[in-house]
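A look at the structure
Next come the chains, spelled out residue by residue.
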Amino acid sequence: MTTDYLRTTGRFAYLWGWPLVNMHNRLTIMEQAPAPGLLGGIVPAGPPGSLAMLHD
């Protein structure tokens, strides 16, 4: 295995792996939300399969 091959393989792994890990972490955190509401009082958030909206 050449250095260029290993470098390219590492780039591809990061390019495809980072979004997968990011979405897994987001889903894991959002599953802990008990009900739709405001996250930190500002941003609408809710568990997967539900909607949350801004309101006044």
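Above this note sits the structure.
Scope of this entry: the structure provided in the associated data block. (Residues numbered from 1 in each chain as written. Predicted model: local features only at pLDDT ≥ 70, side-chain atom pairs only at ≥ 80, totals over all residues. Heavy atoms only, no water.)

1. Brief notes about the pattern of salt bridges
Stated precisely, the cut-off is as follows: Definition used for salt bridges: Asp or Glu carboxyl oxygen within 4 Å of a side-chain nitrogen of Lys or Arg. Helical segments are the DSSP runs of H or I of at least four residues, strand segments are the runs of E of at least two, and each set is numbered from the N terminus. The rule is simple: take the accessible area with a 1.4 Å probe, protein chains only, and divide by the maximum for that residue type; under 20% is buried, over 50% is exposed, in between is partly exposed.
What the rule picks out here adds up to one salt bridge. Here Arg7 makes a salt bridge to Asp4, at a shortest N to O gap of 3.5 Å. With Arg7 and Asp4 both in helix H1 (residues 3-30) and three residues apart, the pair spans about one turn of that helix. With a relative accessible area of 44%, Arg7 lands in the partly exposed category.

2. Examining the environment of Ser50
Assignment of secondary structure puts Ser50 in the segment after strand S2 (43-45). Residue classification places Ser50 among the partly exposed positions, given a relative accessible area of 28%.

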